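Given next are the chains, with one letter for each unit.
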Amino acid sequence: MSAQGSQRPSQSPIAEPAWVRRLLVGLTLVFLSLVVFVPLAAVFAEAFRKGPGAWWRAISDGETLSAVRLTLFVTASAVPLNVAFGLVAAWALGKFRFRGRGLLVALVDLPLSISPVVAGLVFVLLFGARGWFGPALREHGIQVIFATPGLVIATVFVTFPYVARELISHLEEQRTDAEQAALSLGATGWTTFWRVTLPSCKWALLYGVILCNARAMGEFGAVSVVSGHVRGETNTLPLQVEILYNEYDFVAAFAAASLLALLALVTLLAKTLLEAHEARTAARGSGSSGGAGRSPTAKELR
Amino acid sequence: MLPGFGLTLGCTVTYLSLILLLPLAALCAQAASLTWAQFVETLAEPRVLAALRLSLGASALAAAIDCVFGSIVAWTLVRYDFPGRRLADALVDLPFALPTAVSGIALTAVYAPNGWIGSLLAPLGWQVAFRPAGIVLALAFIGLPFVVRTLQPAIADLERGLEEAAASLGASRTRTLVAVVAPGLLPALLTGFALAFARAVGEYGSVVFISGNMPLETEIAALLVVTKLEQYDYAGASAIAVAMLVLSFAALILVHAAQRLASRRAGSAVR
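Residues numbered from 1 in each chain as written. Chains lettered and ligands numbered in written order. Predicted model: local features only at pLDDT ≥ 70, side-chain atom pairs only at ≥ 80, totals over all residues.

Q: I'd like a description of the overall build of chain B, backed by residues and values.
A: Looking only at helices and strands, chain B features 13 helices and zero strands. The N-to-C order of helical and strand elements in chain B reads α-α-α-α-α-α-α-α-α-α-α-α-α. Summarising its shape, the C-alpha atoms of chain B cover approximately 70 × 65 × 35 Å along the three principal directions. Here the analysis covers contacts within chain B between residues at least 6 apart in sequence; of these, 76% occur between residues at least 24 apart. (Helix = DSSP H or I, 4+ residues; strand = E, 2+ residues; numbered from the N terminus. Contact = placed C-beta atoms within 7 Å.)

In structure tokens, the structure reads:
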């Protein structure tokens, strides 16, 4: 789609003059370099400033390792919850039309418009020492805020739209013929879901999981508010980056950040591959476009 | 009719109520514990007012910058072919994929007075990091994908026939771009602006490192929420949080309305 412009002779009536095109391409490359590429490169340059040995020592530091473990634990708790919710919500909101459906879809998107800091604040108000449920839970010895459960809940809040919206928009576009056929042949609703619906939306699901996972591992504002910053205990990797940075331990901060930047690059690669896969299937197949591969709309990025 | 509607709808509503509506109700209840006069007083405090004004202004400016450069980036990515196009296209998503804390320290490292780019600007007397300019930079970074990814499909969907018709009727390329192409892209541009703005108003991680966090000067609203919370001023934090939510929802609703108006105009102009 993009090559069309260049294949036209430059004097074509609907092409810009060559010097304008060169100027615009130049501006694009300079802007993206200054604002996006150079900062990314700086993460790795700063991380390896004192050599791979210093980088490795910073990564294998006990507190950083425990931050990595906590991040993995929080993500491994939040993502499956969001997958379960996404599948259930997609069945109700994607396969059926009813009054109030639009409102529910809007609610699913709502966390994307809420400041991460506010997302953390609401859970402090609920579970904090002076919150609605905090004192009662404390009597039973359960601490949510400034502990791991709070991190998980805040992460769930921030990330649940990613899987759900991807699956909802995928199921919306599909007809229900295949499911109807399975049911009329005697399959139970459960079997129909596992054998017909789930395989048809596996790529959309994977796409949603990738975005959800990236956001869950990298979330900063919301978990920062509920974590309490107990070293080695309630610091996720992004919070560890902040602490090390504020202590002027820049090599260690950027070493930890380089792990997260690597995660971002892997996420982008997986996303690009999935989109290419979907574009190929769409070109080959019936043209039924699914959720995973159409080029992402900005809304999905949030 | 497919089975399972009642069960899945019930689960969806329950989950949304517990994880979304109950917490937001707690926020509203906390803010409502203030009288209207106290609420206004909290927001009118010089430090709070300055933070809200800064968040609002910097977000609007950053979204506007994203619209200018985002348009150029989206146009070249869709219409032209050049070496590195695919890489540039992938780079556009990076601000979304990179954890905000990493973006924050990376931008600070590059644009600090001793950083790669900051040290080039310092002799010119330009300081970016630890100034409002740094906040705008971080917010423009965060908002860029929203503008570009909203514009790209709109540019790809433009009917080239219209541009050819305009050209064959004697319009110059500039005139065609202004009179035919720009109106067609306006709704998408407005959407991109609103998304970038709404995201920027609440942004925290990428800003706190580069902003310097001086009260009254470079302290953003989200940081003030955190500060109030650390002082156990729950009501104050909730009041600012509600103000931020209202701002970003208002932007989304306003632009949604403007966008419908613009697309109706564009539609009638074409026909």
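Q: Before we move on, can you summarise the nonpolar core with the specific residues and values?
A: The biggest cluster of nonpolar side chains holds 176 residues, and the ones touching the most others in it are A:Leu121, A:Ala257 and B:Val225. The residues that make up this core include at least three from each of domain 1 (1–47) and domain 2 (49–301) of chain A. (Core = buried A, V, L, I, M, F, W, Y, C linked by C-beta atoms within 7 Å. Buried ≥ 20, exposed ≤ 12 C-beta atoms within 10 Å, placed from the backbone. Domains from an automatic or database assignment.)

Q: Just give me the short version of the confidence of the model for chain B, but keep the residues and values in it.
A: Taken as a whole, chain B shows an average pLDDT of 90; of its residues, 97% reach a score of 70 or greater. Among the prediction metrics, the complex's ipTM stands at 0.89, with pTM recorded as 0.89. (pLDDT = per-residue confidence, 0-100.)

Q: Hey, could you go over the interface of chain A and chain B for me, with residue numbers and the actual values?
A: Opposite the 82 residues of chain A that make contact, chain B presents 89 residues. At 18 residues, the largest contribution of residues to the side of chain A that touches chain B is made by helix 2 (residues 18–47) of chain A. Taken together, the residues of the side of chain A that touches chain B break down into 59 nonpolar, 14 polar and nine charged. (Nonpolar A, V, L, I, M, F, W, Y, C, P; charged D, E, K, R; others polar.)

Q: Tell me about helix 2 of chain A, residues and numbers included.
A: If you check helix 2 of chain A, its first and last C-alpha atoms are 41 Å apart, about what 30 residues at 1.5 Å a residue would give, namely 44 Å. Maximum bend of helix 2 of chain A: about 50°, positioned at A:Ser33. (Expected span 1.5 Å × (residues − 1). Bend = angle between axes of the 7 residues up to and from the residue.)

Q: Please set out the domain arrangement of chain A residue by residue, giving values where relevant.
A: Bring the parts together and some accessible area is lost; that lost area is often taken as the interface size. All names here are of chain A. Under the domain assignment, chain A is made up of domain 1 (1–47) and domain 2 (49–301). Centre-to-centre, using C-alpha coordinates, domain 1 lies 32 Å away from domain 2. Contacts between domain 1 and domain 2 engage six residues on the former and nine residues on the latter. The residue makeup of the side of domain 1 that touches domain 2, split by class, is five nonpolar, no polar and one charged.

Q: Tell me about the environment of B:Val255, residues and numbers included.
A: All names here are of chain B. Tracing the chain through its elements places Val255 in helix 13 (residues 234–270). Residues Val255 and Leu195, 60 residues apart in the sequence, show an inter-C-alpha distance of 9.3 Å. Setting aside residues up to four positions removed in sequence, Val255 forms contacts with Leu190, Thr191, Phe193 and Ala194.

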